[in-house]
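# Breakdown of the fold
Here is how the chains run, residue by residue.
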Amino acid sequence: MAQTQAFETDFWKDANLRKVWDDIVPGEPRKTIPYTLTREAIELYCKSVGETHPIYFDEAYAKTTRYGGLIAPPSIHILLMFSCTPADDWMRSPGTVNAGQSWSYNIPARPGDVITLQARALDKFIKRERLFVVHDNVFFNQKGDVICSGRGWTIRPI
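Residues numbered from 1 in each chain as written. Predicted model: local features only at pLDDT ≥ 70, side-chain atom pairs only at ≥ 80, totals over all residues. Heavy atoms only, no water.

If you walk through the whole model with that rule in mind, you get 0 disulfides. The structure places no disulfide on Cys84, whose sulfur is separated from the nearest cysteine sulfur, that of Cys148, by 9.9 Å. (Disulfide = S-S within 2.5 Å.)

Written as structure tokens, this is what we have:
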């Protein structure tokens, strides 16, 4: 497996760039960045979560499947969420906690796909002195096909 660039682990590095609670506007599209999904990124992701199915690694095997080639596991949206989210986005805030999510998977992502994310906050509210955000995310490939879509809830630090 080829080496890929290390994932940034200093989550406070760009904290001064991020939007604060009052800046989050429900319905307003979030700024996102395209991400080219590589075979190496898929392999690294699979290794990190313990995924060993040959459809993600073995091109000869993958060609014999209904997909006709290598694909990424459906849960790759976890990697894509951070890869398509710029450092100054409110979702990257240190201390933000995933309070739940629901995803629908349409088609698999593949090595070489240029992934784009359309995302927005649907609502924000305060409950029990905690800041909640309900958000909507849709990932597309370069053809405009929906890879997956999901709704999630996060709790932000006060």
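Structure shown, so let's carry the discussion forward.
Below, the discussion takes up the packing of aromatic side chains. Given two aromatic rings, their pairing is described by the distance between the two centres and the angle made by the two planes. For the coordinates displayed, the defined rule picks out 2 aromatic pairs. Measuring from centroid to centroid gives 6.1 Å for Trp103 and Phe139, while their planes differ by 25 degrees, and the two rings are stacked. Here Trp103, found in strand β2 (residues 97–105), pairs with Phe139, found in strand β4 (residues 130–140); they are 36 residues apart in sequence, far enough to count as distant. The two residues Trp103 and Phe139 agree in class, both being buried. Taken together, a centroid distance of 5.2 Å and an interplanar angle of 5 degrees make the contact between Phe125 and Phe132 stacked. In this structure Phe125 comes out as partly exposed when scored by relative accessible area, which is 31%. (Phe/Tyr/Trp six-rings, centres within 6.5 Å; stacked < 30°, edge-to-face > 60°. Helix = DSSP H or I, 4+ residues; strand = E, 2+ residues; numbered from the N terminus. Buried < 20%, exposed > 50% of the residue type's maximum accessible area, 1.4 Å probe, protein only.)

Inspection of the secondary structure assignment puts Asn137 in strand β4. Ignoring any residue separated from it by four or fewer positions in sequence, one finds Asn137 in contact with Arg30, Met81, Trp103, Leu117, Gln118, Ala119, Cys148, Ser149 and Gly150. (Contact = heavy atoms within 4.5 Å.)

Below, the discussion takes up the confidence of the model for the protein chain. Residues with a pLDDT of 70 or more make up 91% of the protein chain, whose mean pLDDT is 89. The secondary-structure element of the protein chain with the lowest mean pLDDT is helix α3 (residues 77–83), recorded at 89, while helix α2 (residues 59–63) shows the highest, at 98. (pLDDT = per-residue confidence, 0-100.)

Before going further, it helps to examine the sheet that holds strand β1 (residues 35–36). Strand order across the open sheet formed by 5 strands is β1-β3-β4-β5-β2, with antiparallel pairing between neighbours. Strands with a single pairing partner mark the edges of an open sheet, and in this sheet they are β1 and β2. The pairing of β4 with strand β5 (residues 146–156) spans 10 bridges and is classified as antiparallel. Its bridge partner lying in β5, Val133 is registered against Thr154. (Pairing = 2+ DSSP bridges.)

Our focus in this paragraph is the pairing of β4. Across the 11 residues that make up β4, a large majority, 10, are buried. Of the pairings in the sheet, the one linking strand β3 (residues 114–127) to β4 comprises 11 bridges and is antiparallel in character. When the bridges of β4 are listed, Leu117 appears paired with Phe139. Turn length for the β3-β4 hairpin, with the two strands adjacent in sequence and antiparallel, is 2 residues, and the turn residue Arg128 shows positive phi of about 50 degrees. Joining the antiparallel neighbours β4 and β5 is a turn of 5 residues, in which Gly144 adopts a positive phi near 90 degrees.

What follows concerns the pattern of salt bridges. Here the structure, examined in full by the defined rule, presents 3 salt bridges. Close ionic contact of Arg39 with Glu43 constitutes a salt bridge, the shortest N to O distance being 3.1 Å. You can see Arg39 and its partner Glu43 sitting in helix α1 (residues 39–49), 4 residues apart, about one turn around the helix. Among the charged side chains, a network of salt bridges with common partners joins Arg39, Glu43 and Glu59. (Salt bridge = Lys/Arg side-chain N within 4 Å of Asp/Glu carboxyl O.)

Before going further, it helps to spend a moment on the environment of Asp145. The topology assignment puts Asp145 in the loop between β4 and β5. Residue Asp145 is classed as partly exposed on the basis of its relative accessible area, which comes to 33%. For the pair Asp145 and Ser104, spaced 41 residues apart in sequence, the C-alpha to C-alpha distance is 13 Å.

As defined by bridge partners, β1 adjoins β3 across 2 bridges and the pair is classed as antiparallel. Looking across to β3, one finds that Tyr35 is bridged to Ile115.

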